[in-house]
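Each chain is listed here by its residues.
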Amino acid sequence: MPLRILTALLLLTFFTTTAPAAEPTFSFTVLEIPDIQRGAGLAIVMRTPSGKTWLYDTGTAHPEKLSSDGWLANFNAGRDLIAPHLAKLGVTSIDGIFISHAHYDHFGGLLWLKDHFQIKRLIDCGYLFHSDAEADYLGTNKGELDHYTRVREEFRARHAYLSATAGETLALDPDLKIEVIAPPKTFFTDPHITTRPKNDTPSHFLVNANSLALRIQFGEIVFLLPGDIQTEDIEASLMPFVDKSKLKCHILVAPGHGIHPIPKEFGAATHPEVSIASVFPRYARGIRSTKDLQDLGTKTYVTGLHGNVQITTNGKTYQVTTQRDDTAKPPAPAPAK
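Bear in mind that the values here come from a model prediction, so they are computed numbers and not experimental data.

Caption draft 1: Seen up close, the overall build of the chain. A tally of helices and strands in the chain yields 10 helices and 17 strands. Taking 337 residues into account, the globule formula puts the C-alpha radius of gyration at 20 Å, and the chain, at 22 Å, falls close to it. Evaluated residue by residue, the chain yields a buried proportion of 52% over its 337 residues. Accessible area of the chain: about 16,100 Å², with a carbon and sulfur share of 55%.

Now the structure itself:
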């Protein structure tokens, strides 16, 4: 073999075997949920370096018998948002879905996904709201809560269900450290706050308060997902209970879609560098969390203004990518009456 060919082969072998491996990254994408005049919606897709796919909530879908496809406004976030997003990633099965709580704008997409994807595990906190007082269900229809209970039992029957409460570390993925922050094993109970709106009944605020709250860490970067717990319940229930050191984070998914104010103690404990609120354009500019978080120096993103918001991190640094930026765009005019 000529010397120059042998040299070329040796160089090719050297560069092939010593080329650095691609840096492992974790992606965390909050999808924009459209406004169907019911609920706000939250759906988060997580992809780990080892190729696992985790969801935290599955967005909005409301069963509607009179609709042509069985869904209110002909929309199901599982079918219309999550499935296309997963297809682009080449994902055909889901390692697990965390459901924060039993409201349709958080588990509605699961109603479609469970029939069209292999879902290896469903994880929630096991909370079950029940009341003998009909008035307690004015905030959320009892049928909605019962529907989620039936879904939970489907997964339990095939040994694909996991219940987790505060203090548990979930060894679900070698790439991630997943800790449950709330609710407690005995769950949060009604603190009997007298200033709640009349339509904010226990089937709404107590189910929200007992959201599955997660602390997810990849490398040095911490994400906090508190679910839909509202301002009053953060103050009265979460803050007296939680280990404050577990709240410090780099990325915060704004509680309750960012609609409500951020309590000062919670803001000081979390002190996020970035927050993401999942809410549609009609509410996006008026949500009360934005100013509270910006006062802390937090960079705030709202899906209704920025579209899908993705965090990509190597475990040491992170990058935020958005589909657009409508923060300076004049709001759309109100529809004519």
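Don't stop here, the text continues.
Caption draft 2: Region of the structure containing the packing of aromatic side chains. As enumerated under the stated definition, the model contains 11 aromatic pairs in all. When the centroid spacing of 5.7 Å and the interplanar angle of 40° are considered together, the rings of F26 and F218 count as tilted. One end of the pair, F26, is in strand β1 (residues 26-30); the other, F218, is in strand β11 (residues 213-218), with 192 residues separating them in the sequence. F218 shares its class with F26; the two are buried. Aromatic rings pair up to connect F26, F28, F218 and F223 into one cluster. When the ring centre of F205 is taken as origin, the NZ or CZ atom of R196, which lies over that ring, is 3.6 Å away.

Caption draft 3: Geometry of unusual backbone geometry. Residue A182 is joined to P183 through a cis peptide bond whose omega torsion reads 0°. In this model, Q37 sits at a positive phi of 65°, which is unusual for a non-glycine residue. Along the chain, Q37 turns up in the loop between β1 and β2 (43-47). Of the residues examined, Q37 reaches a relative accessible area of 59% and is grouped as exposed. Of note in this structure, H159 is not a glycine but carries a positive phi near 60°. Along the chain, the position of H159 falls in the loop between α4 (142-157) and β8 (161-163).

Caption draft 4: A look at the packing of helix α2 (residues 77-89) against helix α3 (residues 104-116). Put simply, α2 and α3 touch, their axes get as near as 8 Å, and they point 75° apart. What the angle tells us is that α2 and α3 run roughly perpendicular. Residue-level contacts link A77, G78, R79, I82 and A83 of α2 to G109, W112 and L113 of α3. Residue classes in the contact of α2 with α3 are distributed as 5 nonpolar, 2 polar and 1 charged.

Caption draft 5: The confidence of the model for the chain, seen in detail. When pLDDT is averaged along the chain, the result is 92, and 92% of the positions lie at 70 or above. The low-confidence segment residues 5-17, where pLDDT is below 50, has 2 contacts with residues more than four positions distant or belonging to other chains.

Caption draft 6: Just the nonpolar core, in detail. Counting residues in hydrophobic clusters, the biggest one holds 71 residues, and the most contacted among them are F28, I44, I97, F98, L110 and F223. Looking at this core, the element that brings in the most residues is α3, giving 6 residues. Apart from the residues within four sequence positions on either side, I97 is in contact with L55, T58, L110, L113, I119, R121, L122 and I123. Within the second largest apolar cluster, 19 residues are counted, among which are F188, V222, L252 and A269.

Caption draft 7: Structural detail: the sheet that holds β11. Taking strand neighbours across the sheet as the criterion, the 7 strands line up as β9-β10-β11-β12-β13-β14-β15 in an open arrangement whose pairing is mixed. Each edge of the sheet is formed by a strand with only one pairing partner; in this case those strands are β9 (169-170) and β15 (299-302).

Caption draft 8: Fine view of the pattern of salt bridges. Taken as a whole and judged by the stated rule, the model has 18 salt bridges. In this structure, E32 engages R324 in a salt bridge whose closest nitrogen and oxygen atoms are separated by 2.8 Å. You can see E32 sitting in the loop between β1 and β2 and its partner R324 sitting in the segment after β17 (318-322), a full 292 residues away along the chain. Its relative accessible area of 18% is what places E32 among the buried residues. With its nearest N and O atoms 3.1 Å apart, the salt bridge here joins E153 to R156. Separated by 3 residues within a single helix, E153 and R156 lie in helix α4, roughly one turn from each other. Sharing partners across several salt bridges, the network here consists of K177, E179, R215 and K246.

What counts and what doesn't
All residue numbers refer to positions counted from 1 along the written sequence of the respective chain. Two thresholds apply to this predicted model, a pLDDT of at least 70 for residue-level local features and 80 or more for giving and counting side-chain atom pairs, whereas whole-chain, interface and lining totals are computed over all residues. Processing note: side-chain calculations cover all non-hydrogen atoms of the structure and skip hydrogens and water entirely. Each helix is a run of DSSP H or I of at least 4 residues and each strand a run of E of at least 2, with the numbering of both proceeding from the N terminus. In this treatment the radius of gyration is a C-alpha quantity, and the globule benchmark scales as 2.2 Å times the residue count to the 0.38 power. Only protein chains enter the area calculation, which uses a 1.4 Å probe; residues under 20% of their type maximum are buried, those over 50% are exposed, and those in between are partly exposed. Note that accessible areas follow from Shrake-Rupley with a 1.4 Å probe, and for residues the cover is restricted to the protein chains shown. Any two rings among Phe, Tyr and Trp, with Trp reduced to its six-membered ring, count as a pair given centres within 6.5 Å; such a pair is stacked if its planes are under 30 degrees apart, edge-to-face if over 60, and tilted if neither. A ring has a charge above it when a Lys NZ or an Arg CZ is no more than 6 Å from the ring centre and no more than 35 degrees off the ring normal. Axis geometry follows a simple rule: fit a line to the C-alpha atoms, using only the stretch in contact for helices, then measure angles between N-to-C directions, giving values from 0 to 180 degrees. For classification purposes, angles smaller than 35 degrees are called roughly parallel, those larger than 145 roughly antiparallel, those between 65 and 115 roughly perpendicular, and all remaining angles oblique. Every residue pair with non-hydrogen atoms within 4.5 Å of one another is taken to be in contact. Nonpolar residues are Ala, Val, Leu, Ile, Met, Phe, Trp, Tyr, Cys and Pro. Charged residues are Asp, Glu, Lys and Arg, and all others, Gly as well, are polar. For every residue, the predictor states its confidence as a pLDDT score lying anywhere from 0 to 100. Put simply, a nonpolar core is a bunch of buried Ala, Val, Leu, Ile, Met, Phe, Trp, Tyr and Cys residues held in one set by side-chain atoms that sit within 4.5 Å of each other. Only strands that DSSP links by at least two bridges are regarded as paired with each other. Throughout this description, the term salt bridge denotes a Lys or Arg side-chain nitrogen within 4 Å of a carboxyl oxygen of Asp or Glu.

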